[in-house]
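Listed below are the residues making up each chain.
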Amino acid sequence: MKIRALYTLLALVLVVGLAGCKAGSMTQSTVELPPVKSIQESDLSDDQLLALAAVVNRMRGRPNLENAVFDPDQDMMISESGFSYDNMELTNTILLGAESVKLADGKFSSVLEGLFLFRDDLGRRAGARFAVKYYTLPAKGVLISDARVSPEGIAYPKVEVYTVLQSAIDITTVKFDNYETLYRTVVEKSFPMTFTSADERQYGDKGKYLVFVFCKDRVSPMADFKIEGTPKIKSLYANINGWPVGVFGAKFKPGSPMSKFKFTVTYNPAPDSGGSTVVVGRFENKLYQQEEKTASN
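Conventions and cut-offs
Residues numbered from 1 in each chain as written. Predicted model: local features only at pLDDT ≥ 70, side-chain atom pairs only at ≥ 80, totals over all residues. Heavy atoms only, no water. Helix = DSSP H or I, 4+ residues; strand = E, 2+ residues; numbered from the N terminus. Buried < 20%, exposed > 50% of the residue type's maximum accessible area, 1.4 Å probe, protein only. Contact = heavy atoms within 4.5 Å. Core = buried A, V, L, I, M, F, W, Y, C linked by side-chain atoms within 4.5 Å. Pairing = 2+ DSSP bridges. Arc of directions from axis to C-beta. Polar contact = N/O pair within 3.5 Å; in protein donor to acceptor, adjacent residues only side chain to side chain. Axes fitted to C-alpha atoms, helices over the stretch in contact; angles between N-to-C directions. pLDDT = per-residue confidence, 0-100. Phe/Tyr/Trp six-rings, centres within 6.5 Å; stacked < 30°, edge-to-face > 60°. Lys NZ or Arg CZ within 6 Å of the ring centre and 35° of its normal.

Peer 1: Could you give an account of the overall build of the chain, with specific residues and numbers?
Peer 2: A count of helices and strands for the chain gives three helices and 14 strands. Burial status across the chain gives 44% buried among its 297 residues. Taking contacts inside the chain between residues at least 6 apart in sequence as the whole, the part at least 24 apart equals 68%.

What follows is the structure in structure tokens.
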């Protein structure tokens, strides 16, 4: 996918949320989330560990593990069409339910339910909900009779925002089908919004800028990811394997109080089924020092 003629704007990193701390010429805010206790290998029995490892291996498109057999007569719902977790590290396993029943022949029938949390080298995150049913086999093996995995979104996805001079990127040649390539290109060419003085000479040059908004958490393709600004802006979007990207253009002077501009990033995980819209990022083009002076007067 390519985006045609556009203008531009700013550079920063915005995180989840609502009012919070400020740094430089950006407003950054966070929402405190409850801590999640990770499941360590020592918390799992050998058969549980083997069953979960076999499912993760299949999610990554890798060969089956030794002593972990998937029932060939049953349809598993594990792999996603056109997507693999192969380049992502499994960072957390959250076990939501576990049950094991001893059968008449001395074997065990077990069910596990929970969440896998992944992260890649770019800092992107992805969640997947799993339900696995398996039987223990002789020689410490398992037969997986049913396994279902589905993507799991997050309530407050993290976003990062970068500003690039229009002259630094030919927007007509940028391909929006590869998140990693696009992200690395934009970060490399981004314009630093780190003004620490009210001195007009330290502001950025007035000109045309592109503003890129990257969602770092994988969300549902049905989710609503939107950029809204004052004055009104027109954004273009792409959802790359579940990670939304937005871009818009503007002509302004970075850091200057005379170039008044602000925008928010909103997210609704399920707009078609009554989901709630939340603000996950907020930005204003103004100086931190000026805000401090006003507050102290």
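Peer 1: Account for the nonpolar core, with residues named and values stated.
Peer 2: Formed by 46 residues in total, the largest nonpolar core has its most connected members in Val55, Met59, Ile144, Phe212 and Phe214. Ranked by residues supplied to this core, first place goes to helix α1 (residues 46–59) with seven residues. Those residues within four positions of Val55 in sequence are excluded, and the remaining contacts are Phe70, Ile78, Phe116, Val132, Ile144, Ala147 and Val149. Among the nonpolar cores identified, the runner-up in size contains 18 residues, and Val219, Val278, Val280 and Phe283 belong to it.

Peer 1: Can you lay out the pairing of strand β11 (residues 236–240) for me, pointing to particular residues and giving the numbers?
Peer 2: Bridge analysis of β11 against strand β12 (residues 243–252) gives five bridges, and the strand direction is antiparallel. Bridge pairing in β12 links Ile240 to Trp243.

Peer 1: Describe helix α2 (residues 179–189), naming the residues involved and giving the relevant values.
Peer 2: Of all the residues in α2, the buried ones are Tyr179, Leu182, Tyr183 and Val186. On an axial view of α2, the arc spanned by its buried residues comes to 95 degrees, and they lie on one face. Where the residues of α2 are buried, they touch β8 (159–165), β9 (207–215), β11 and β12. The opening residue of α2, the one whose side-chain oxygen lies 3.2 Å from the backbone nitrogen of Glu180, is Asn178.

Peer 1: Tell me about the sheet that holds strand β7 (residues 141–152), and name the residues and values.
Peer 2: Spatial strand order, β3-β7-β6-β5-β4: five strands in an open sheet with mixed pairing. Since the sheet does not close on itself, it has two edges, and those belong to β3 (68–70) and β4 (89–102), each with one partner. Here the strands of the sheet are splayed against their neighbours by 30 degrees on average, with no regard to which way each runs. Both strand β5 (residues 108–119) and strand β6 (residues 125–137) contribute to a ladder of eleven bridges, which runs antiparallel. Looking at β6, one finds that Phe118 is bridged to Ala126. Sheet strands touched by α1: β3, β4, β5, β6 and β7. Its angle to β7, the strand with the most contacts, is close to 50 degrees.

Peer 1: Tell me about the sheet that holds strand β14 (residues 278–284), and name the residues and values.
Peer 2: Taken together, the three strands give an open sheet; going across it, the order is β10-β13-β14, and neighbouring strands pair in antiparallel fashion. One side of each edge strand has no neighbouring strand; the edge strands of this open sheet are β10 (224–230) and β14. Ignoring which end each strand starts from, the neighbouring axes of this sheet average 15 degrees apart. As paired strands, strand β13 (residues 262–268) and β14 are joined by six bridges and run antiparallel to one another. Paired with Tyr267 across the strands is Val278, a residue of β14.

Peer 1: So what's going on with the confidence of the model for the chain? Residues and values would help.
Peer 2: Per-residue pLDDT for the chain has a mean of 79; in total, 78% of the residues score no lower than 70. Low confidence marks residues 1–37, where pLDDT is under 50. Its contacts with residues over four positions away, or in another chain, come to 139 contacts. Between residues 288–297, whose pLDDT stays under 50, and residues either more than four places distant or in other chains, the model counts ten contacts.

Peer 1: How would you sum up the packing of aromatic side chains? Please name residues and give values.
Peer 2: Evaluated as defined, the whole model comprises 15 aromatic pairs. Judged by centre distance (6.4 Å) and plane angle (65 degrees), the rings of Tyr162 and Phe214 are edge-to-face. In this pair, Tyr162 is assigned in strand β8 and Phe214 in strand β9, connecting sequence segments 52 residues apart. Residues Tyr162 and Phe214 agree in their burial class; the two are buried. The structure contains a cluster of three or more aromatic residues connected by ring pairs, namely Phe83, Tyr85, Phe116, Phe118, Phe130, Tyr162, Tyr179, Tyr183, Phe212, Phe214 and Trp243. Positioned above the aromatic ring of Trp243, the side-chain terminus of Arg218 is 5.7 Å from the ring centre.

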